[in-house]
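Residue-level listing of the chains:
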Amino acid sequence: MTRYRTVSIEGLDIFYREAGSRDNPTILLLHGYPTSSHMFRNLIPALADQFHLVAPDYPGFGYSSMPAVDEFDYTFDGLTEVIAGFIDAIGLKRYSLYLMDYGAPIGYRLATQNPERVETLIVQNGNAYEEGLGDFWKPMRAYWQSKTPGNAEQVRQTMTPEGTKRYYTTGVKNLENLSPDTWTLDQALLDRPGNLAIQLALKYSYQSNVLLYPQWQAYFREYQPPTLVVWGKNDRGFLVEGAYAYKRDLQNLEFHLLDTGHFALEEDGDAIADHIRYFLTTHVSVPD
């Protein structure tokens, strides 16, 4: 059974979902944008018989605290600091990292800071290479160059109900496979007073992640963490070329492309769960 918990980190309430025995290998599930730990609602019970799963909501997302932009450092360094405090607060020592979208830059910061804690990487549409950033990122790059009202408005269009829904629907095999609860919940949380400013701050901060790509790639080459790539190949935000790029630096790599879009768990969650189970039983000590 999934438990729904909250822990205080640096004065913030951090909500998280947890399931499975702590005696089993831990998977730390790091969500993407514009969602929350809700994206793992089906994966968690699917794996809880053999694994310990933990999925936090970042500040400003899901059911965690949402301080205003002048009260919290809404950068990827700031989010990582909170999640690092969360890891220590709930006593995680070793874990596999599930990295998706925003979860990748947070997870790779954690991995480079404490590589000895990382048992494996599970990468689902989480980017660490320039090849993964296509035309979708042109408005974002313009915003990075100049925070004009016009450039901010172009970025804001990704946060409209239509924009949020497109994150889920683009590239999927069958729209009838998707629950509208996903983008409806995400939009309700995005529409909270003050959240637009939070999301714009993080969109601006995303450029810091691109600058760290060489450092993360050096981590791959030096530490060679066993890595599972399960990538929705029709993603227009994180291109499939970004998935293939991992093959350059990682020698112990299991690689699967899925015929779906950005939120691959929505259509291919059962397949991803099967891939994770097989992969982890190969690389960590899993009970029968």
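For the structure, check the block above.
If you're wondering where the values come from, they're calculated on a predicted model, not measured in any experiment. Every chain begins its residue count from 1, and numbering advances along the sequence as written. Local features in this predicted model are restricted to residues whose pLDDT is 70 or higher, and side-chain atom pairs enter the listing and the counts only when it is 80 or higher, whereas totals over whole chains, interfaces and linings include all residues. Calculation of side-chain values draws on the structure's entire complement of heavy atoms; hydrogens and water are dropped beforehand.

Asker: Got a minute to help me understand the overall build of the protein chain in this structure?
Answerer: By the criteria applied, helices consist of DSSP H or I runs no shorter than four residues and strands consist of E runs no shorter than two, each listed in order from the N terminus. From N to C terminus, the protein chain includes 11 helices and 8 strands. Each principal axis of the C-alpha atoms in the protein chain carries an extent, and together these give about 55 × 40 × 40 Å. Among the 288 residues that make up the protein chain, the fraction classed as buried is 60%. Expressed as a percentage of contacts within the protein chain between residues at least 6 apart in sequence, the contacts between residues at least 24 apart total 75%. A simple rule labels every residue: compare its accessible area, found with a 1.4 Å probe on the protein chains alone, to the largest value its type can have, and call it buried under 20%, exposed over 50%, or partly exposed in between. We call two residues contacting when some pair of their heavy atoms lies within 4.5 Å.

Asker: Mind showing me how you'd approach the side chain of Thr80 here?
Answerer: Inspection of the secondary structure puts Thr80 in helix 2 (residues 76-89). The residues contacting Thr80, other than those within four sequence positions of it, are Pro105, Ile106, Arg109, Leu110 and Gln113.

Asker: Before we go on, may I ask you to explain the packing of helix 2 against helix 3 (residues 103-113) in this structure?
Answerer: Axes are the key here: two packed helices are described by the angle between their axes and the distance separating the axes. As a packed pair, helix 2 and helix 3 sit with axes 9 Å apart at the nearest point and diverge in direction by 60°. In terms of crossing hand, the pair formed by helix 2 and helix 3 is right-handed. Residues Phe76, Asp77, Leu79, Thr80, Ile83, Ala84 and Ile87 of helix 2 touch helix 3, and the partners they reach there are Pro105, Ile106, Arg109, Leu110 and Gln113. Charged residues are taken to be Asp, Glu, Lys and Arg, nonpolar residues to be Ala, Val, Leu, Ile, Met, Phe, Trp, Tyr, Cys and Pro, and polar residues to be all remaining types, Gly included. Among the residues forming the contact of helix 2 with helix 3, the class breakdown is 8 nonpolar, 2 polar and 2 charged. Lines fitted to C-alpha atoms define the axes, with helix axes restricted to the stretch in contact, and inter-axis angles between N-to-C directions lie between 0 and 180 degrees. We call a crossing left-handed when the near helix sits turned anticlockwise from the far one by less than a right angle, and right-handed when that turn is clockwise.

Asker: Help me understand the environment of Leu79, please; the structure alone is not making it clear to me.
Answerer: Inspection of the secondary structure assignment puts Leu79 in helix 2. A C-alpha to C-alpha distance of 12 Å links Leu79 and Pro67, two positions 12 residues apart in sequence.

Asker: Just to check I follow, could you spell out the nonpolar core for this structure?
Answerer: Across soluble globular proteins, you tend to see nonpolar side chains buried next to one another. Core analysis: the largest hydrophobic core is formed by 94 residues, its most contacted members being Ile27, Phe86, Tyr98, Tyr108, Tyr246 and Ile276. Per-element tally for this core: the top contributor is helix 8 (residues 195-223), with 9 residues. What we call a nonpolar core is a set of buried Ala, Val, Leu, Ile, Met, Phe, Trp, Tyr and Cys residues that are connected through their side-chain atoms within 4.5 Å.

Asker: What's the story with helix 11 (residues 264-283) in this structure? I'm lost.
Answerer: Working note: α-helix, 3.6 residues per turn, so residues spaced by three or four point in the same direction. Helix length check: helix 11 (20 residues) gives 23 Å between terminal C-alpha atoms against 28 Å at 1.5 Å per residue, more than 12% under. Axes are fitted to the seven residues ending at a residue and to the seven starting at it; the angle between these axes is taken as the bend at that residue. At Asp270, helix 11 is deflected by roughly 60°, the largest bend along its length. Buried residues of helix 11: Ala264, Leu265, Glu266, Glu267, Asp268, Gly269, Ile272, Ala273, His275, Ile276, Phe279 and Leu280, and no others. In this scheme, a helix's expected span is set at 1.5 Å multiplied by one less than its residue total.

Asker: Where do I start with the sheet that holds strand 3 (residues 26-30) in this structure?
Answerer: The strands making up a sheet associate through backbone hydrogen bonding, with each pair oriented either parallel or antiparallel. DSSP-based pairing: two strands are paired if at least 2 bridges between them are found. Pairing is mixed in the open sheet, where 8 strands are placed in the order 1-2-4-3-5-6-7-8. Unpaired on one side and paired on the other, strand 1 (3-9) and strand 8 (253-258) mark the two borders of the sheet. Between one strand and the next, the sheet's axes are offset by a mean angle of 20°, whatever the strand orientation.

Asker: What is the right way to read the pattern of salt bridges from this model?
Answerer: Once their charged atoms are close, side chains differing in charge can pair, the charge on each being opposite to the other. One speaks of a salt bridge when a side-chain nitrogen belonging to Lys or Arg is within 4 Å of a carboxyl oxygen belonging to Asp or Glu. By the definition in use, this model includes 14 salt bridges. Arg22 is the salt-bridge partner of Glu18, the closest N and O atoms lying 3.3 Å from each other. Overlapping salt bridges bring together Arg5, Glu18 and Arg22 as one network.

Asker: Explain the packing of aromatic side chains to me, please; I cannot follow it from the model alone.
Answerer: Planes of paired rings set the category: under 30 degrees apart is stacked, over 60 is edge-to-face and the rest tilted, where pairs are Phe, Tyr or Trp rings (Trp by its six-membered ring) whose centres lie within 6.5 Å. Tallied over the full model, the rule gives 31 aromatic pairs. Pairing Tyr143 with Tyr204 gives two aromatic rings, centres 5.8 Å apart and planes at 80°, and the pair type is edge-to-face. Of this pair, Tyr143 sits in helix 4 (residues 138-145) while Tyr204 is found in helix 8, placing the two residues 61 residues apart along the sequence. Judged by its relative accessible area of 29%, Tyr204 falls in the partly exposed class. A connected cluster of aromatic rings, assembled from ring pairs, spans Tyr33, Tyr58, Phe61, Phe76, Tyr102, Phe136, Trp137, Trp144, Tyr167, Tyr206 and Phe238. Looking at Lys147, its charged tip hangs above the ring of Tyr204, at a distance of 4.4 Å from the centre. Cation placement over rings: the criterion is NZ of Lys or CZ of Arg within 6 Å of the ring centroid and within 35° of the ring normal.

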